[in-house]
Amino acid sequence: MRVLLVGAGGVGTAITRIAARRPFFDAMVVADYDPARAAAAVEAVGDARFSAERVDAGDVDAVAELLRRHACDVLLNATDPRFVMPLFRAARSAGATYLDMAMSLSHPHPERPYATCGVKLGDEQFALAQEWEKAGALALVGMGVEPGLSDVFARYAADELFDEIEEIGVRDGADLTVDGYDFAPSFSIWTTIEECLNPPVVYEADRGWFTTEPFSEPEVFDFPEGIGPVECVNVEHEEVLLVPRWVKADRVTFKYGLGREFIETLKTLHLLGLDRTEPVTVPSAAGPVQVSPRDVVAACLPDPATLGERMHGKTCAGTWVRGTKDGAPREVYLYHVVDNQWSMAEYGSQAVVWQTAVNPVVALELVATGAWSGSGVLGPEAFPARPFLDLLTEYGSPWGLREQ
């Protein structure tokens, strides 16, 4: 397997450090708009299988040419969601397998944003599913931690733990702190704003997909391994759009443990229009320039990839499932916890980006060995869960199951 990894930020860099320990691929080309970032990621692993290139992730032709020039048969997208569609199209153009960790962007319903779905996450990709199927090509979408491992947990629950499922709820929480910062998101603020301020999507079998107000349906969820109770709220996320396509459940939700202070900060950004992506004109020493307010916010905050030495605590991603088994009620929480002290000591990557990065590497290995195969635009729950969970444990990162 020859892989083109596009994006050498925190997650992309963590991917190189994880993949460098595995023998399943022959080459990994690390490409980024900033050639210095790509070069730094490659230099850090000290592995001849890795090389660095510069590429604009928004340039379909340039990415396709890079895939062909290096004879890469897989494109792994580690950029933010703005670049999903150009990279998705570049992979199809070059005949490569495609894998991402976040899906094509949504657009709220113009009249009823908090009741009815407009363009949903992943709609643009699923619209092209027939083209991928016809070519016998695979696009594995939403294969990070959430979405990704959380979807694998949903499939595992359906296959091995339940006869009937009433509700699948992805629940994400942490007790992470960052020394020296009052507000320092541990993941891309661009993506965090996108998913937290868009109308959350909920799925119900008798209603289909619908939306609610941001931060709706608050609940306190008790997270394992000492993290404890965290208030969680509805957030737009890919699992709600993916799980019902392959797993039968009466209801599917995603709730994020943001905390009151984080929620209020996001609301303030929205109130001031600083969550907007459309450029505004501002004065500068060189004359008027156009900038995206959200990009300004991102530029003013520390790069999450650089926070590892200041971070303390654990992050938990997991899937809560309620239903019946052998005629009796059952409720479980399948989860994956990463301690920042461990991920920094073992890989030099902070916990949140490392937890995101390990899952696409596991998936790539399963595709390389043939344990996972298929064609079309497929989510993680379209594949058997047990091989993934076994390999994740082999990577030195076990998962847990708690009876509720």
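Here is a short report on the structure shown in this document. Predicted model, so just to flag it, every value in this text is computed and none were measured.

### Some details on the layout of surface pockets
Okay, step 1: As a volume, the second largest pocket reaches approximately 380 Å³.
Okay, step 2: Taken together, 18 residues make up the lining of the second largest pocket; nearest its centre are Pro 108, Glu 194, Asn 198, Asp 275 and Arg 294.
Okay, step 3: It is helix H8 (residues 189-197) that provides the largest number of residues to the lining of the second largest pocket, a total of 4 residues.
Okay, step 4: Residue composition of the lining of the second largest pocket, grouped by class: 8 nonpolar, 5 polar and 5 charged.

### Description of the nonpolar core
Okay, step 1: Counting 90 residues, the largest nonpolar core has Ile 15, Met 28, Val 30, Ile 168, Leu 258, Trp 372 and Phe 388 as its most contacted members.
Okay, step 2: It is helix H13 (residues 351-369) that provides the largest number of residues to this core, a total of 10 residues.
Okay, step 3: Aside from chain neighbours lying at most four places away, what touches Trp 372 is Leu 140, Met 143, Val 152, Ala 363, Leu 366, Val 367, Pro 380, Phe 383, Pro 384 and Phe 388.
Okay, step 4: Within the second largest apolar cluster, 29 residues are counted, among which are Leu 4, Ala 31, Ala 96 and Ala 137.

### Things to note about the packing of aromatic side chains
Okay, step 1: One pass over the structure, following the stated rule, counts 19 aromatic pairs.
Okay, step 2: With a centroid separation of 5.8 Å and 15° between ring planes, the pair formed by Tyr 333 and Tyr 335 is classed as stacked. Of the two residues, Tyr 333 and Tyr 335, both sit in the buried class.
Okay, step 3: Of the aromatic side chains, those joined through ring pairs into one cluster are Phe 221, Phe 223, Tyr 333 and Tyr 335.

### Re the side chain of His 109
Okay, step 1: Looking at the secondary structure, you find His 109 in the loop between strand E5 (97-100) and helix H5 (123-126).
Okay, step 2: Reaching out from His 109, the side chain makes a polar contact with the backbone nitrogen of Arg 112 at a distance of 3.0 Å.
Okay, step 3: Here His 109 is in contact with Thr 116, Cys 117 and Gly 118, once residues within four sequence places are set aside.

### As for the environment of Gln 341
Okay, step 1: Mapped onto the secondary structure, Gln 341 falls in helix H12 (residues 340-347).
Okay, step 2: In this structure the C-alpha to C-alpha distance between Gln 341 and His 312, which are 29 residues apart in sequence, comes to 6.8 Å.

### Topic: the pairing of strand E11 (residues 219-223)
Okay, step 1: Here 5 bridges tie E11 to strand E12 (residues 228-234), and the two strands are oriented antiparallel to one another. Each bridged residue has a counterpart across the sheet, and for Phe 221 the counterpart in E12 is Val 230.

### Looking at the sheet that holds strand E2 (residues 27-32)
Remark on secondary structure: sheet strands pair via backbone hydrogen bonds, oriented parallel or antiparallel.
Okay, step 1: The strand order across the open sheet built from 7 strands is E3-E2-E1-E4-E5-E6-E19, with neighbouring strands paired in parallel fashion. Strands with a single pairing partner mark the edges of an open sheet, and in this sheet they are strand E3 (50-54) and strand E19 (376-378). Between one strand and the next, the sheet's axes are offset by a mean angle of 20°, whatever the strand orientation.
Okay, step 2: Each of strand E1 (2-6), E2, E3 and strand E4 (74-77) touches helix H1 (residues 10-19); the most contacted strand, E2, lies at about 165° to it.

### Comments concerning empty space enclosed by the protein
Okay, step 1: Taken as a whole and assessed by the stated rule, the structure comprises 1 cavity of 30 Å³ or more.
Okay, step 2: Put simply, the largest cavity is a space of about 90 Å³.
Okay, step 3: In this structure, the largest cavity is lined by 15 residues; those nearest its centre are Ser 106, Gly 118, Val 119, Thr 211 and Glu 236.
Okay, step 4: Taken together, the residues that form the lining of the largest cavity break down as 6 nonpolar, 7 polar and 2 charged.

### Topic: the pattern of salt bridges
Okay, step 1: Here the structure, examined in full by the defined rule, presents 27 salt bridges.
Okay, step 2: Where Glu 217 meets Lys 255, a salt bridge forms, and the shortest distance between an N and an O atom there is 3.8 Å. Taken together, the residues span a long stretch of sequence, with Glu 217 in the loop between strand E10 (208-211) and E11 and Lys 255 in strand E13 (residues 251-256) at a distance of 38 residues.
Okay, step 3: For Glu 217, a relative accessible area of 33% puts it in the partly exposed group.
Okay, step 4: A relative accessible area of 5% places Lys 255 in the buried class.
Okay, step 5: For the salt bridge of Glu 231 with Arg 260, the shortest nitrogen-to-oxygen distance reads 3.4 Å. Here Glu 231, found in strand E12, pairs with Arg 260, found in helix H10 (residues 260-271); they are 29 residues apart in sequence, far enough to count as distant.
Okay, step 6: Given a relative accessible area of 28%, Glu 231 falls into the partly exposed group.
Okay, step 7: Note on Arg 260: relative accessible area 42%, which makes it partly exposed.

### Structural notes on a nonpolar patch on the surface
Okay, step 1: Residues Leu 271, Leu 272 and Leu 274 make up a contiguous nonpolar surface patch of roughly 320 Å² in combined accessible area.
Okay, step 2: With respect to the element layout, Leu 271 can be found in helix H10.

### What to know about the environment of Trp 190
Okay, step 1: Mapped onto the secondary structure, Trp 190 falls in helix H8.
Okay, step 2: Look at Trp 190 and you get buried, because its relative accessible area is 4%.
Okay, step 3: It is 9.2 Å that separates the C-alpha atoms of Trp 190 and Pro 81, two residues lying 109 residues apart in sequence.
Okay, step 4: Setting aside residues no more than four positions away along its own chain, Trp 190 makes contact with Asp 80, Pro 81, Arg 82, Leu 105, Thr 277, Arg 294 and Asp 295.

### Here we look at helix H4 (residues 84-94)
Okay, step 1: Along H4, 8 of the 11 residues are buried, which leaves the element largely enclosed by surrounding structure.
Okay, step 2: Those residues of H4 not exposed but buried are Val 84, Met 85, Pro 86, Leu 87, Phe 88, Ala 90, Ala 91 and Arg 92.
Okay, step 3: Backbone geometry just downstream of H4 places Gly 95 in the positive-phi region, at approximately 75°.

Rules used throughout
- Throughout this document, residue positions are counted from 1 along each chain, in the order its sequence is written.
- Under the rules for a predicted model, residues below a pLDDT of 70 receive no local features and side-chain atom pairs below 80 are neither given nor counted, while totals for whole chains, interfaces and linings still include all residues.
- As a convention, hydrogens and water are excluded, and side-chain values are obtained from all of the structure's heavy atoms.
- Using a grid of 1 Å spacing that covers the protein atoms alone, one calls a set of points a cavity when a 1.4 Å probe fits there but cannot get out, and a pocket when the set is open and has protein on both sides within 12 Å along at least five of seven lines; lining residues are those with an atom within 4 Å of a point.
- Grid points are joined across faces, edges and corners, and a volume is the space filled by probe spheres set on the points.
- Every helix listed is a DSSP run of H or I at least four residues long, and every strand listed is a run of E at least two residues long, numbered separately from the N terminus.
- Nonpolar residues are Ala, Val, Leu, Ile, Met, Phe, Trp, Tyr, Cys and Pro. Charged residues are Asp, Glu, Lys and Arg, and all others, Gly as well, are polar.
- The set of buried Ala, Val, Leu, Ile, Met, Phe, Trp, Tyr and Cys residues whose side-chain atoms join them within 4.5 Å is what this entry labels a nonpolar core.
- Classification of residues uses two cut-offs on accessible area relative to the type maximum, computed with a 1.4 Å probe and protein chains only: under 20% is buried, over 50% is exposed, and between them is partly exposed.
- Two residues qualify as a contact provided that any one of their heavy atoms is within 4.5 Å of a heavy atom in the partner residue.
- A pair of Phe, Tyr and Trp rings is counted when the ring centres sit within 6.5 Å of each other, with Trp represented by its six-membered ring. The angle between the planes then sorts it: under 30 degrees is stacked, over 60 is edge-to-face, the rest tilted.
- Identification of polar contacts relies on pairs of N or O atoms within 3.5 Å, with a donor-acceptor requirement for protein atoms, meaning one able to donate a hydrogen and the other able to accept it, and with residues adjacent in sequence counted only if both atoms are side-chain atoms.
- Two strands qualify as a pair provided that DSSP identifies no fewer than 2 bridges between them.
- For helices, the fitted axis covers only the stretch in contact; all axes are lines through C-alpha atoms, and the angles between them, taken along N-to-C directions, range from 0 to 180 degrees.
- Whenever Lys or Arg places a side-chain nitrogen within 4 Å of a carboxyl oxygen from Asp or Glu, that contact is recorded as a salt bridge.
- Think of a patch as exposed residues, more than 30% relative accessible area, with no salt bridge, where like charges cluster within 9 Å and nonpolar side chains (Val, Leu, Ile, Met, Phe, Trp, Tyr) cluster within 5 Å.
- Areas reported as accessible are Shrake-Rupley estimates using a 1.4 Å probe. Residue values count occlusion only from the protein chains shown.

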